[in-house]
Amino acid sequence: MNILIVEPFASGHHGKYLQWITSSIIARGHHIQLGTFKESLDHSAMQEVLSSCGQNLSVVSEPAQRYASIEGKVWSMAREMLKFRRIMASLYAEAVQRERVDMVLLPYLDYCTYALALLGSPFGRTAWSGIVMRSAFHYSSMGVKAPQTRSDPWKERLFHRLLSSRHLRALFTIDKTLQEYIHGSGRPHASRLHYIPDVTEPMPAMNRQQARQLLGIPVSGKVILVYGALSSRKGIDVLMQATENDAFPSDVHIVLSGEQPAEVEDILRSATADRLRLDYRLHEIKRYLTNAESAAVFSAADFVWVGYRRHYLMSGILVQAASAGLPVIACEEGLIGWLTRRYRAGIVVSTSSPPSIARAVKELCDNPELAHEYGENGRMAYASHTQENVGRIMLDAIEV
C-alpha cells in the first residue's frame, strides 16, 4: 500500500509523531509519500525521518504558507481551517500525479477538523485517516474540568458528521475521554473512532547517585522535576511561591529542565528564585535536553510537576513521568487532572493555591510508600503507551 502522509510542520510533537508513524508503516512493508512544506525539510526531526526511511519514502513539497491556529475565535478558526484544507488538497494533487495513492494519513487532523467535516475530504475517492488531539466539546459531560464555549454543541455535531464521512477509514484520538464519550453515544459511526495511547519514548535508566552528582544535588534531598519546553502555563511561578509556605519541606530541590522564554526568565528573577539558588535548591538546564540529560533528570527526580495553567489537553510529560515510575503533582483541570485522579498516579492541586501545593509536596515527602504507590499506579496505567503498541493499533485499523 502506498500511503500519503500530509504533515507540513516538523517542530515539537509534529516531528516526534511523524517519526514513529513512518517507522511503524515501513515495518509493515508499505511505501510512504510525505507531503510537507519545503522549509520543514531542513528541520532535524524531518532529516531523521528521511534518513531512517531511505528509499521507502518519497517527498512532495510546496513553499510554506502562513497558518495560524486561533483558539476561541470561531470565524478566524474557520478561515484558517479552510485555508489548510486547500493546502492538503494541493499536496494530494501533486502526489497523485507522481504515483498511485491508496491511503491518506493526517497525523494532526486538528489543522482542519471541522473544515473536513463541513466540506468533506479533499482527497477524492481515496480512503483517509487522521489523528485528533484538541477536541474538547465533550469535557463537561465526562467530568473534565475545563471552560465550556458556546461553540461546543456545533463542534460536536460536526465531529459526528466527520465520523460519517464516506471515505473515512478510521479516526484516532489520544484522548481516552473522547473515545468513551463518542462510543457511549450509540451513533452508527462511533466505532470508527479508535483510542491510541499518547506515545512516549522509553527513558534510559541511570544510576540515581550518578544522576544526582551530575546535577549537584545531594542524595538525601527530594527533587521536583519540571521538564520540557517551559512557559508561563507550566505554573512555575506558583510552584516558586509554594516554596515560601511553612509546610514546604526545606530539603526539596527543584530542577527546571528546558528552554526558557523571556516570560519564564522574568519569573526566575524573583527574590524567591534567588533564595533557592543561594540554598543550592534550584537547578536549571536552560536548553533542549539530550537523551542522556533527560535520563539524568528523570533518574534524579522523586516527583514530576504537571501543575499547568489553562492547559486542558493531554500531556506527554504526564506519560513520561509514569513510564519512569514517578508520582506527579498535577493541576486539577483538564485531562491531566482527570487522568491523575482516575489512575491515582499522584496528587491533584489547585494551581491558584500555593499552600495546597506545599501540603501536597509535604505529603509525598512524608509518605514514601504512598509516593511509590502513585508511581507504580502510573507505570501500570501507561504501560501500553509504546510505539510498537500504538503502531499496531493504527495499522490494524487502516489496513482493512
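The structure under discussion appears in the preceding block.
Residues numbered from 1 in each chain as written. Predicted model: local features only at pLDDT ≥ 70, side-chain atom pairs only at ≥ 80, totals over all residues. Heavy atoms only, no water.

Colleague: What exactly am I supposed to notice about helix α1 (residues 13–27) here?
Modeller: An α-helical turn contains 3.6 residues, so any two residues separated by three or four positions project in the same direction. In this model α1 runs 21 Å from its N-terminal to its C-terminal C-alpha over 15 residues, within 8% of the 21 Å that 1.5 Å per residue would give. Buried within α1 we find His14, Gly15, Tyr17, Leu18, Gln19, Trp20, Ile21, Thr22, Ser24 and Ile25. One or two residues past the end of α1 sits glycine 29, with phi positive at roughly 90 degrees. (Helix = DSSP H or I, 4+ residues; strand = E, 2+ residues; numbered from the N terminus. Expected span 1.5 Å × (residues − 1). Buried < 20%, exposed > 50% of the residue type's maximum accessible area, 1.4 Å probe, protein only.)

Colleague: It is not clear to me how the pairing of strand β4 (residues 103–106) should be interpreted in this structure. Could you clarify?
Modeller: Within a regular strand, side chains alternate between the sheet's two faces. Residues Met103 and Leu105 line one face of β4 and the alternating positions Val104 and Leu106 line the opposite face, and both faces are buried. Note that β4 and strand β5 (residues 127–132) share 4 bridges and pair parallel. Within β5, the position partnered with leucine 106 by the bridge is glycine 130. Handedness of the β-α-β unit built from β4, helix α4 (residues 113–119) and β5 comes out right-handed. (Pairing = 2+ DSSP bridges. Right-handed = clockwise from strand over helix to strand, strands pointing away.)

Colleague: Could you clarify how one ought to interpret unusual backbone geometry in this entry?
Modeller: For residues besides glycine, phi is generally negative; the peptide bonds are generally trans as well. The residue tyrosine 280 is not glycine, and still its phi comes out positive at about 60 degrees. By the element assignment, tyrosine 280 lies in the loop between α10 (271–278) and β10 (282–285). The phi torsion at arginine 344 lies on the positive side, around 50 degrees, for a residue other than glycine. Mapped onto the fold, arginine 344 is located in the loop between α13 (334–343) and β13 (346–349).

Colleague: Honestly, empty space enclosed by the protein in this entry has me stumped. Any pointers?
Modeller: Empty space among the atoms becomes apparent when a probe as large as a water molecule is rolled across them. Tallied over the entire structure, the rule returns 1 cavity of 30 Å³ or more. Its boundaries defined by the atoms lining it, the largest cavity holds a volume of some 30 Å³. Lining the largest cavity are Leu318, Ala321, Ala322, Leu326, Val328, Ala345 and Tyr382. The biggest single contributor to the lining of the largest cavity is helix α12 (residues 316–323), with 3 residues. Grouping the constituent residues of the lining of the largest cavity by class yields 7 nonpolar, no polar and no charged. (1 Å grid on protein atoms, 1.4 Å probe; cavity = no way out; pocket = protein on both sides within 12 Å on 5 of 7 lines; lining within 4 Å. Points joined across faces, edges and corners; volume = space filled by probe spheres on them. Nonpolar A, V, L, I, M, F, W, Y, C, P; charged D, E, K, R; others polar.)

Colleague: For this particular structure, what's the right way to read the packing of aromatic side chains?
Modeller: Given two aromatic rings, one states the distance between the centres and the angle between the planes to describe the pair. Summed over all chains, the structure comprises 12 aromatic pairs. Considering the side-chain rings of phenylalanine 9 and phenylalanine 84, the 6.4 Å spacing of their centres and the 35 degrees angle between planes classify their relative orientation as tilted. In this pair, phenylalanine 9 is assigned in the loop between β1 (2–6) and α1 and phenylalanine 84 in helix α3 (residues 74–98), connecting sequence segments 75 residues apart. Given a relative accessible area of 0%, phenylalanine 84 falls into the buried group. Taken together, the ring pairs in this structure connect Phe9, Phe37, Phe84, Tyr108 and Tyr111 into an aromatic cluster. (Phe/Tyr/Trp six-rings, centres within 6.5 Å; stacked < 30°, edge-to-face > 60°.)

Colleague: Can you help me understand helix α14 (residues 354–366) in this one?
Modeller: In a regular helix each residue adds 1.5 Å, so 13 residues correspond to 18 Å; α14 covers 18 Å between its end C-alpha atoms and thus fits that length. Among all positions of α14, only Pro354, Ser356, Ile357, Ala358, Ala360, Val361, Leu364 and Cys365 are buried.

Colleague: What is the right way to look at the pattern of salt bridges in this model?
Modeller: Think of it this way: side chains of opposite charge can pair up when their charged atoms draw near. Considering all chains together, one arrives at 22 salt bridges under this definition. Between arginine 28 and aspartate 396 there is a salt bridge, with its nearest N and O atoms 2.8 Å apart. Of this pair, arginine 28 sits in the loop between α1 and β2 (31–37) while aspartate 396 sits in helix α16 (residues 387–398), and the two are 368 residues apart along the sequence. We classify arginine 28 as partly exposed; its relative accessible area is 33%. Note that arginine 275 is salt-bridged to aspartate 279, the shortest N-O span being 3.8 Å. (Salt bridge = Lys/Arg side-chain N within 4 Å of Asp/Glu carboxyl O.)

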